[in-house]
Amino acid sequence: MNEEEYASQAGTGVLLNPRMDSTFKALFTQKTKDSYEAMRSFLSAATERTVRSWQLTANDVPREFLRAA
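These numbers were taken from a predicted model, which means no experiment stands behind them. (Residues numbered from 1 in each chain as written. Predicted model: local features only at pLDDT ≥ 70, side-chain atom pairs only at ≥ 80, totals over all residues. Heavy atoms only, no water.)

## A few points about the pattern of salt bridges
Where charged atoms of side chains with opposite charge meet at close range, the side chains can pair.
Moving on, step 1. Within this structure, the stated rule accounts for two salt bridges.
Moving on, step 2. Note that aspartate 21 is salt-bridged to lysine 25, the shortest N-O span being 3.2 Å. Taken together, the residues span about one helical turn, with aspartate 21 and lysine 25 both in helix α2 (residues 21-28) at a distance of four residues.
Moving on, step 3. The partner of arginine 40 in a salt bridge is glutamate 37, and the shortest N-O contact between them spans 3.0 Å. Here arginine 40 and its partner glutamate 37 are both found in helix α3 (residues 33-47), three residues apart, which amounts to about one turn of the helix.
Moving on, step 4. Judged by relative accessible area, which is 31%, glutamate 37 ranks as partly exposed. (Salt bridge = Lys/Arg side-chain N within 4 Å of Asp/Glu carboxyl O. Helix = DSSP H or I, 4+ residues; strand = E, 2+ residues; numbered from the N terminus. Buried < 20%, exposed > 50% of the residue type's maximum accessible area, 1.4 Å probe, protein only.)

Below, the structure is given as structure tokens:
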């Protein structure tokens, strides 16, 4: 499924796929307590270890850089 097909499912009640970059970012990288806890829970489950804290580092090119090009 490509991004366009995936986006067309928004609001239809279909479960979102966290393996899609846009969904992953929407679920786990917001600056909210719920998003932080979701990421902590995800990391704990994925590593089978208790994750107490973590730090998110952006890996996208800043929009300001793209506009200057």
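## A closer look at the packing of aromatic side chains
Moving on, step 1. All chains considered together, the criterion is met by four aromatic pairs.
Moving on, step 2. Look at phenylalanine 24 and phenylalanine 28: their rings are 4.7 Å apart centre to centre, the planes differ by 55 degrees, and that puts the pair in the tilted class. Here the residue phenylalanine 24 and the residue phenylalanine 28 both occupy positions in helix α2, the gap between them amounting to four residues, near one helical turn.
Moving on, step 3. Exposure remark for phenylalanine 24: the relative accessible area of 25% places this residue in the partly exposed category. (Phe/Tyr/Trp six-rings, centres within 6.5 Å; stacked < 30°, edge-to-face > 60°.)

## A closer look at the confidence of the model for the chain
Moving on, step 1. When pLDDT is averaged along the chain, the result is 81, and 81% of the positions lie at 70 or above.
Moving on, step 2. Of all the helices and strands in the chain, helix α1 (residues 3-8) carries the lowest mean pLDDT, 68, while α3 carries the highest, 92. (pLDDT = per-residue confidence, 0-100.)

## Re the packing of α2 against α3
Moving on, step 1. α3 packs onto α2 with a crossing angle of 115 degrees between their chain directions and a minimal axis gap of 7 Å. Taken together, the residues of α3 that come into contact with α2 (itself represented by Phe24, Leu27 and Phe28) are Ser35, Ala38, Met39 and Phe42.
Moving on, step 2. By residue class, the composition of the contact of α2 with α3 is six nonpolar, one polar and no charged. (Axes fitted to C-alpha atoms, helices over the stretch in contact; angles between N-to-C directions. Contact = heavy atoms within 4.5 Å. Nonpolar A, V, L, I, M, F, W, Y, C, P; charged D, E, K, R; others polar.)

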